[in-house]
Amino acid sequence: MTSPYFMHSRSTVTRSCTPALSLRAKLTNKRRDVAPVSSAAVKEEEEEEEEVRISERRRPSSAPLSTGNCHELLQQPKTETDAVPLPSHCRKRRQLKVEYDHKDSISPVKTEHWEPPEWKKQLGFIREMRSSRDAPVDNMGAAKCYDTKAPAHVRRFQMLVSLMLSSQTKDQVTAAAMQKLRAHGCTVENVLATDDETLGKLIYPVGFWRSKVKYLKLTSAMLQKEFGGDIPDSVQGLVRLPGVGPKIAHLAMGIAWDQVSGIGVDTHVHRISNRLEWLRKPTKNPEVTRKALEEWLPRELWSEINWLFVGFGQQVCLPVNPLCSVCLNQHSCPSAHKNSPAKRPKAGSQHSPIPTSSIKAKTEPGSRVKDERIKEESLPTKQRRKLRSKFNQ
């Protein structure tokens, strides 16, 4: 059975029994029969086929299949539909986010502008009552305590010193202390060259004079080292100085540099603002009062509020027993004619009660009240006379 006839027939039978090959196998066999191809070319073609399969897998099921070749598919521009479709809940969340970020769908937040009901009328009356400008702050305030003939940087330093001394001190005492300092030489160099004891005698009796001696020395050293003997021209620089707070900084910016940086709120401004109810709610310290006033008060009025309210508080709206009867705002002020908190009366004054331990009386049936011991020295004259007339009956 080794004749060529049988071998030929066997091969013929084998070819006739082979099943149909796929398109990929036919192409592969054809390439092998035509010419040998390099491995690099085969790898490149396999990559192209892989990209075609990936693109077909990413195409939505509803889109028709393209009948073009692989190169046309690769050259088509990618669109948003070529991306991998997200689950239904993700697509829904994304749509909600886009609608939320739309500018037209967001309504701007409206803040209500608050201001006291009759503040303009009350401010006009205070200006009228302060028109004479004869309060202590007008003649002896920090703006009047510097040497007008001194250089500009020395004048600014003297204004800062007078503001530092005026804290918790009456203007009369501050003016007297500044007069002695100017006679001694109120400059950065002289303050640093003066010992603490001598400097304390010069500024005495201002409030907290020992602490202010220390602050003056530290501030003068800082000004000489960092600012060349002049004072800072910003609130941030001024509050860095020892003994200088926001009130002094804003007042110094207005007096020394002629710049409005904020409202200088001291005890007078703090008290009157709360009495007039110029604040949304009562405040407990001047710094909170300053921030509350600056929220609604027009900026062009910030510079005059301090000297208006300070002089008004020194003459009419006193800390204790304010003169509401002569105030033009007595019909619009919420605190008008309200008694100020009374201080605890001193022992022996007319307002102090009679001490029970000083009088011991004994009542007997059918007898008069006898005085066993009365300390007349601790009682006022009128009370002593009443007691004497009572016991002498």
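Structural data are supplied above this passage.
Criteria and thresholds
- Residues numbered from 1 in each chain as written.
- Predicted model: local features only at pLDDT ≥ 70, side-chain atom pairs only at ≥ 80, totals over all residues.
- Heavy atoms only, no water.
- Core = buried A, V, L, I, M, F, W, Y, C linked by side-chain atoms within 4.5 Å.
- Buried < 20%, exposed > 50% of the residue type's maximum accessible area, 1.4 Å probe, protein only.
- Helix = DSSP H or I, 4+ residues; strand = E, 2+ residues; numbered from the N terminus.
- Contact = heavy atoms within 4.5 Å.
- Patch = residues over 30% accessible without salt bridge, like charges linked within 9 Å, V, L, I, M, F, W, Y side chains within 5 Å.
- Areas by Shrake-Rupley, 256 points an atom, 1.4 Å probe, with all protein chains shown as cover.
- Salt bridge = Lys/Arg side-chain N within 4 Å of Asp/Glu carboxyl O.
- Lys, Arg positive; Asp, Glu negative; His and termini not counted.
- Charge placed at Lys NZ, Arg CZ, Asp CG, Glu CD.
- Phe/Tyr/Trp six-rings, centres within 6.5 Å; stacked < 30°, edge-to-face > 60°.

Student: Summarise the nonpolar core; cite the residues concerned and give the values.
Tutor: Counting residues in each nonpolar core, the largest one holds 35 residues, and the members touching the most others are Leu-160, Val-161, Leu-165, Leu-181, Leu-216 and Val-244. Looking at this core, the elements with two or more residues in it are helix H8 (152-166), helix H9 (171-184), helix H10 (188-193), helix H11 (196-203), helix H12 (209-226), helix H13 (235-238) and helix H14 (246-255). Look past the residues within four positions of Leu-181 in its chain and what remains in contact with it is Val-161, Leu-165, Cys-186, Leu-199, Leu-202 and Ile-203.

Student: Account for the environment of Arg-133, with residues named and values stated.
Tutor: Mapped onto the elements, Arg-133 comes out in the loop between helix H6 (119-129) and helix H7 (136-140). You can call Arg-133 partly exposed: its relative accessible area is 47%. The spatial distance from the C-alpha of Arg-133 to the C-alpha of Phe-312 is 9.7 Å, given a sequence separation of 179 residues. Those residues in contact with Arg-133 that lie beyond four places of it in its chain are Asp-138, Asn-139 and Trp-307.

Student: So, a negative patch on the surface: which residues are in play, and what are the values?
Tutor: A cluster of like negative charges, contributed by Glu-46, Glu-47, Glu-49 and Glu-51, occupies part of the molecular surface. By the element assignment, Glu-47 lies in helix H3 (residues 39-58).

Student: Account for H14, with residues named and values stated.
Tutor: Listing the buried residues of H14 in full gives Ile-248, Ala-249, His-250, Leu-251, Ala-252 and Met-253. On its buried side, H14 packs onto H8, H13, helix H16 (286-296) and helix H17 (302-315).

Student: Can you lay out the packing of aromatic side chains for me, pointing to particular residues and giving the numbers?
Tutor: Here the structure, examined in full by the defined rule, presents 6 aromatic pairs. Measuring from ring centre to ring centre gives 6.3 Å for Trp-119 and Trp-278, while their planes differ by 85°; the resulting arrangement is edge-to-face. Of this pair, Trp-119 sits in helix H6 while Trp-278 sits in the loop between helix H15 (267-275) and H16, and the two are 159 residues apart along the sequence. For the pair shown, Trp-119 and Trp-278 are each scored as buried.

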